Amino acid sequence: QALAGMRITSGILQDRLQIALMALNYPAELSLDQRFLIAQGTPSTPGVDGSVEYLVNVTGEAIRKESRNDGDERVDYKAMNAIPTVHTGELLAQIIPPQPGVPGIGLNGLPIEPPPSMSANIAPGEGVTVSADGSALIASIEGRPVLKDDVLSVLEVYEVKTDVDMTTGNIVFNGHVIVHGNVLDEFEIRCKSLEVHGT
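Thresholds, definitions, all that
- Residues numbered from 1 in each chain as written.
- Predicted model: local features only at pLDDT ≥ 70, side-chain atom pairs only at ≥ 80, totals over all residues.
- Heavy atoms only, no water.
- Helix = DSSP H or I, 4+ residues; strand = E, 2+ residues; numbered from the N terminus.
- Buried < 20%, exposed > 50% of the residue type's maximum accessible area, 1.4 Å probe, protein only.
- Pairing = 2+ DSSP bridges.

J.: Explain unusual backbone geometry here, please?
T.: Both trends apply: most residues other than glycine have a negative phi, and most peptide bonds are in trans. Of note in the backbone geometry, Arg7 takes a positive phi value of approximately 60 degrees without being a glycine. Summarising the element assignment, Arg7 is placed in the loop between helix H1 (2-5) and helix H2 (14-23). The residue Asp150 is not glycine, and still its phi comes out positive at about 65 degrees. On the secondary structure map, Asp150 appears in the loop between strand S10 (144-148) and strand S11 (151-155). Classification of Asp150 as partly exposed rests on a relative accessible area of 37%.

Put into structure tokens, the structure is as follows:
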């Protein structure tokens with residue numbers, strides 16, 4: 001009756017309740033403020049938030065390649081950097097949907113809803129389309145994939161804010177290249193169009 005008055009109708013542990021009641025028959029063995037767990041609900045199980053699995057390099061920056069020689073054991077250090085590029089129709093990222101949680105049961109018999117699972121925070125930008133089923137991001141143009149502020153884009157422009165030298169290596173990019181510095185002797189740039197602010 002006391003439990004019903006507190007609207008506790010579910011999760012009652014009958015065996016624990018019996019032990020607690022039996023303990024009242026031995027008051028000398030009870031300690032001050034002794035407690036017995038006699039009812040317990042089932043907590044909800046949180047779900048899993050959605051996520052994004054990137055299938056290409058999305059930094060937009062040149063990456064260091066493995067050392068390569070020209071056959072006579074000499075390493076061409078000017079060809080050590082490569083700009084990640086993708087082609088039209090190439091799969092860029094897989095969008096993994098959120099998984100809902102499992103409701104629990106409260107002591108009043110009512111369900112305890114789990115916190116909502118959040119979708120992946122990603123949006124298509126320039127040069128990127130979403131697949132028909134919304135599960136993937138696809139390149140709609142050829143260029144370099146760049147992720148910025150949760151927006152994935154494919155850009156046809158590559159900027160070099162320094163000189164084209166040993167730190168950048170030769171530049172091969174099938175698009176427009178902007179060099180804010182100088183192009184040093186014996187370094188190459190192969191591209192569709194070029195803009196050099198220095199010499």
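Further notes follow.
J.: Help me understand the pairing of strand S12 (residues 157-160), please; the structure alone is not making it clear to me.
T.: The two faces of the sheet receive side chains in turn, since in a regular strand these alternate between them. Only one face of S12 is buried, namely the one carrying Tyr158 and Val160, since none of Val157 and Glu159 on the opposite face is buried. Bridge analysis of S12 against strand S14 (residues 176-179) gives four bridges, and the strand direction is parallel. By the bridge assignment for S14, Val157 is matched with His176.

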